[in-house]
Amino acid sequence: MNKGDLAFILNRMTIDNFGTWLEIDLQTLRTNYKRLTEIAGVPVMPVVKANAYGHGLERVALELQIAGAKWFGVARVEEALFLREIGISGHILVLGYTPPTRVAHAINHDISLTVYDFDVAREYVVHAKGMNQAVNLHAKIDTGMGRLGIMPAEAPHFLEFIQNSQCLNLEGIFTHFACADEPDKGTTNLQINQFDHILGLVQQLDLRMPLVHSANSAGTINFPQARFDLVRAGIALYGHPPAQGTNLPAGISPAIAWKTRLISIKELPPGHGVSYGHRYHTEQNERIGVIAVGYGDGLRRRSGNQVLIQGKRVNIVGTVCMDQCMVQLNDLPEAQIGDEVVIMGKQNGAEISATDIANEWGTINYEIICGLAARMPRYYLNGK
Ligand SMILES: Cc1ncc(COP(=O)(O)O)c(C=O)c1O
């Protein structure tokens, strides 16, 4: 198949064209963005790193731009450059590490970078000076995350250094919360106090106050005092709670569903092995269905997975293969080849959420959606 054939298929894309696919409801995404903007009362920076948390960077970013987003947060400069390539015209901030050799890309494409220590800042000066231009920077303060960020004691001197360097433009100052999704609010309150203290020093030093931001999704929802000039929202924007105990505000719901189909059904006699390693044997005459999804799509190769068929939870049995796995259909005699199967999402009033899957797999919903394989077609509903 050549590129033209693929474009032809994608242009005529319906869910009937695929064995396994993701459905992304852009109307839900827009509603989530609008709700978060109302709640925050300040602009929301959609965090679209990791392929927009698995939802597909291009469509998500363009849709949010139409919905009014003026800032986008990414982890890598490559993601930022891609956003420029597809026509994102707002501010783009790289939240993670950018090698100094990419400063020229940042300047040429008006991309803002995060800076978190003197060594990196000095290297950025060298590269920006070589172009006789300034690079836009957001200084990250480590108020308690223990990851990237200048330590608070060094922060005032660091901010002064940036403001006094002609080739560095201090556009923002920010911090990141470690525990905003934890029931105990103590740590986040300490981080906010620490950050407030540094902001006070910035004022005393008569430094120009740049854009201030600190809140992720949990911070936005749980800590109104941390909203400052903008909030950086990822998981809640996509409609998932940042943690088990954090309820999402009304009107925010998951934008993504993960679906496949029943592609084969067989009656197997008692004692028949199913799938690699024969880790499952039928106990009686069993109706075994095959669904077109596997670990190559992001389904974990473990026992205990379930899916929805005709609104009922059904067990996956036997080893999950790369592209397929088997379901036991004895309690679902009405199931037929071609039936839609929901791995994550809603069906006839039943739901398996990303958080449900995360609980089963011993992880967090972030990892579930970011782990949705690139090979799965993203099918967009209700685009503008
Ligand atoms: C610096 C920074 N800000 C904001 C976010 C968004 O976080 P969340 O998805 O919890 O809203 C992230 C994501 O990890 C991040 O690294």
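A short tour of the structure in this document, coming up. Numbering of residues begins from 1 in every chain and follows the order in which that chain's sequence is written. Whole-chain, interface and lining totals are the exception, using all residues; otherwise, since this is a predicted model, local features are given only for residues with pLDDT of at least 70 and side-chain atom pairs are given and counted only at 80 or more. With hydrogens and water set aside, each side-chain value is computed from the structure's full complement of heavy atoms.

**A look at the packing of aromatic side chains**
To describe a pair of aromatic rings, one takes the distance between the centres and the angle between the planes.
1) Next: Here is the rule: rings of Phe, Tyr and Trp (six-membered ring for Trp) pair when centre to centre is within 6.5 Å. Planes less than 30 degrees apart are stacked, more than 60 are edge-to-face, and the remainder are tilted. Scanning the entire structure with this criterion turns up 6 aromatic pairs.
2) Next: A ring pair is formed by Phe118 and Phe158, whose centres lie 5.1 Å apart and whose planes are at 80°; its orientation type is edge-to-face. Remark: Phe158 occurs in helix α8 (residues 155-164) and Phe118 occurs in helix α7 (residues 118-131); sequence separation between them is 40 residues. Both residues of the pair, Phe118 and Phe158, count as buried.
3) Next: Arranged with centres 5.4 Å apart and planes meeting at 90°, the rings of Phe195 and Phe228 form a pair that is edge-to-face. Of this pair, Phe195 sits in helix α9 (residues 186-204) while Phe228 sits in the loop between α10 (217-222) and β9 (231-233); the two residues are 33 residues apart in sequence, bridging distant segments of the chain.
4) Next: Residue classification places Phe195 among the buried positions, given a relative accessible area of 1%. In DSSP terms, a helix is any run of H or I states spanning at least four residues, a strand is any run of E spanning at least two, and both are numbered starting from the N terminus. Working definition: with a 1.4 Å probe on protein chains only, accessible area under 20% of the residue-type maximum means buried, over 50% means exposed, and in between means partly exposed.

**Let's talk about the sheet that holds strand β3 (residues 71-74)**
1) Next: Two strands pair if DSSP finds at least two bridges between them. If you walk across this open sheet you meet the 6 strands as β3-β4-β5-β6-β7-β8, and the pairing is parallel. If you trace the sheet from one side to the other, it starts and ends with β3 and β8 (211-213), each paired once. Each adjacent strand pair in this sheet contributes to an overall mean axis angle of 25°, direction not counted.
2) Next: Where strand β7 (residues 168-175) meets β8, 3 bridges bridge the pair, whose relative direction is parallel. Lines fitted to C-alpha atoms define the axes here, with helix axes fitted over just the stretch in contact, and angles between the N-to-C directions of these axes take values from 0 to 180 degrees.

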